[in-house]
Amino acid sequence: MARLSLAERLEILADAAKYDASCASSGTSKRNSRDGKGLGSTEGMGICHAYAPDGRCISLLKILLTNHCIFDCHYCVNRKSSNVRRARFTPREVVDLTLSFYRRNYIEGLFLSSGIVRSSSHTMEQLIEVARSLREDHAFRGYIHLKTIPEADPQLVERAGLWADRVSINVELPTDAGLARLAPDKDSGQIESAIGRIGDAIVEAKDARKRFRHAPRFAPAGQSTQMIVGADGASDSQIIGRANGLYDRFGLRRVYYSAFSPIPDASAVLPLRRPPLMREHRLYQSDWLVRFYGFSATEVQQATDAEGMLALDIDPKLAWALKHRESFPIDINLATREQLLRVPGLGTRAVAAILQARRHHRLRLEDLGRLTRSIARLRPFIVTADWRPASITDSVDLRARLAPPPRQMELFG
């Protein structure tokens, strides 16, 4: 078989990496200037965007080292039994690509993952070699995110953190039963053990840096994980509980959700249709409620329905407020920050602005209009100097009044 060119392999391995959501780029239409008309292209293979904690957008070269794999996970397009085109880079080629893209100002960093070739430890060595060479041989100061392989030798997994800014290990599926059924080569205990070891190493490295100025850094951007939504029968309540457990036990920086996407030649055990993307969005909103709004996982789970699913037409905070109307209305001029953060329609910035503004005078409804996007959703849940919701908060049709109007279903959806 003819050897594939570098561009052909880049096309295959960049496309194979798109299923990893942990640094997903936003979608747009494909266009280029190959016909000589115009300037620029949106088809830069392998380039995606991630966002730093301070809001900066970082361009990354996002590729797999190889999409060959000895594992046969039913949900994975690169599984052993899949009929996709295969390709492979050497560590040296990935280093050269990264440096070339960086010097052309295309990217600011590298996101590197891989299928498993020969063995987990052999593949992990190859991934580490890319990061080591970039750092040691070329003094690369850009961002590096390495996907690590929990089945590899523990010492190799821990070495990855010495060269990468962030490391991540995918828990793959929300439940152990789902993992056993859809990814028979993987073991949830082994995955969590690897996540735990990396978490310990991050804590130890931070402690060492406080005492010794030149102690080596270890994954200074922390570790993250990803789970697939909709491939097994896990409910949103189970997913929220699992994510919260991972945050609590391992101090993860982020849990990413990836709505299951049907793949070519899919296994018969997988669902035929992907879950609504809105489900993924609602899970991210629930994640934010726990991380930034002071909700416990149990409180967010209370926002789900009898089947443990979050509503798709309203956000989880509104769903929670409708189930806990006894907690409202809240006096905007007297409430604590924690109480304000529970009001549907108030984000962290709006709450900060309210706390600042009410130092100077009692806030009226029109003041909130200037500090928030819309006061329509706020009215049933707040009291201001000139507004009380009276019986609106307890009205039977409140949900219908706040939910967006129903949309016509697509005939061929």
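Within an unreviewed UniProt entry, the label attached to the protein chain reads DNA modification/repair radical SAM protein, and the organism entered is Sphingobium lignivorans. Taken verbatim from the UniProt record of the protein chain, the Cofactor (unreviewed entry) comment is "[4Fe-4S] cluster".

(A) Structural context of helix α10 (residues 316-323). Most of α10 sits inside the fold, with seven of its eight residues counted as buried. Every buried residue of α10 is listed here: Pro316, Lys317, Leu318, Ala319, Trp320, Ala321 and Leu322. Against the buried residues of α10 lie α8 (277-292), α9 (297-301) and α14 (398-402).

(B) Structural context of empty space enclosed by the protein. For the structure on display, the rule yields one cavity of 30 Å³ or more. Here the largest cavity defines a volume of roughly 70 Å³. What lines the largest cavity is simply Ile240, Ala243, Asn244, Tyr247, Tyr257, Ser286, Asp287, Val290, Arg291 and Ala297. Elements that contribute at least two residues to the lining of the largest cavity include exactly α7 (236-250) and α8. Its residues placed into classes, the lining of the largest cavity shows six nonpolar, two polar and two charged.

(C) Spatial organisation of the packing of aromatic side chains. Counted according to the given criterion, the structure contains seven aromatic pairs. Geometrically, the ring pair formed by tryptophan 320 and phenylalanine 328 is edge-to-face, given 6.3 Å between the ring centres and 80° between the ring planes. Grouping residues by exposure puts tryptophan 320 and phenylalanine 328 together as buried. Here the aromatic cluster, defined as three or more aromatic residues joined through ring pairs, consists of Phe295, Trp320, Phe328 and Phe381. Between arginine 342 and the ring centre of phenylalanine 295, over which it is positioned, the NZ or CZ distance is 4.2 Å.

(D) Geometry of the state of the cysteines. Tallied over the entire structure, the rule returns zero disulfides. Of the cysteine sulfurs around cysteine 73, a residue in no disulfide, the closest is that of cysteine 76, at 6.1 Å. Its relative accessible area of 5% is what places cysteine 73 among the buried residues. According to the relative accessible area criterion, cysteine 76 is partly exposed, its value standing at 25%.

What counts, and at which threshold
Residues numbered from 1 in each chain as written. Predicted model: local features only at pLDDT ≥ 70, side-chain atom pairs only at ≥ 80, totals over all residues. Heavy atoms only, no water. UniProt positions renumbered as here; feature names shortened; annotations may be inferred. Buried < 20%, exposed > 50% of the residue type's maximum accessible area, 1.4 Å probe, protein only. Helix = DSSP H or I, 4+ residues; strand = E, 2+ residues; numbered from the N terminus. Contact = heavy atoms within 4.5 Å. 1 Å grid on protein atoms, 1.4 Å probe; cavity = no way out; pocket = protein on both sides within 12 Å on 5 of 7 lines; lining within 4 Å. Points joined across faces, edges and corners; volume = space filled by probe spheres on them. Nonpolar A, V, L, I, M, F, W, Y, C, P; charged D, E, K, R; others polar. Phe/Tyr/Trp six-rings, centres within 6.5 Å; stacked < 30°, edge-to-face > 60°. Lys NZ or Arg CZ within 6 Å of the ring centre and 35° of its normal. Disulfide = S-S within 2.5 Å.

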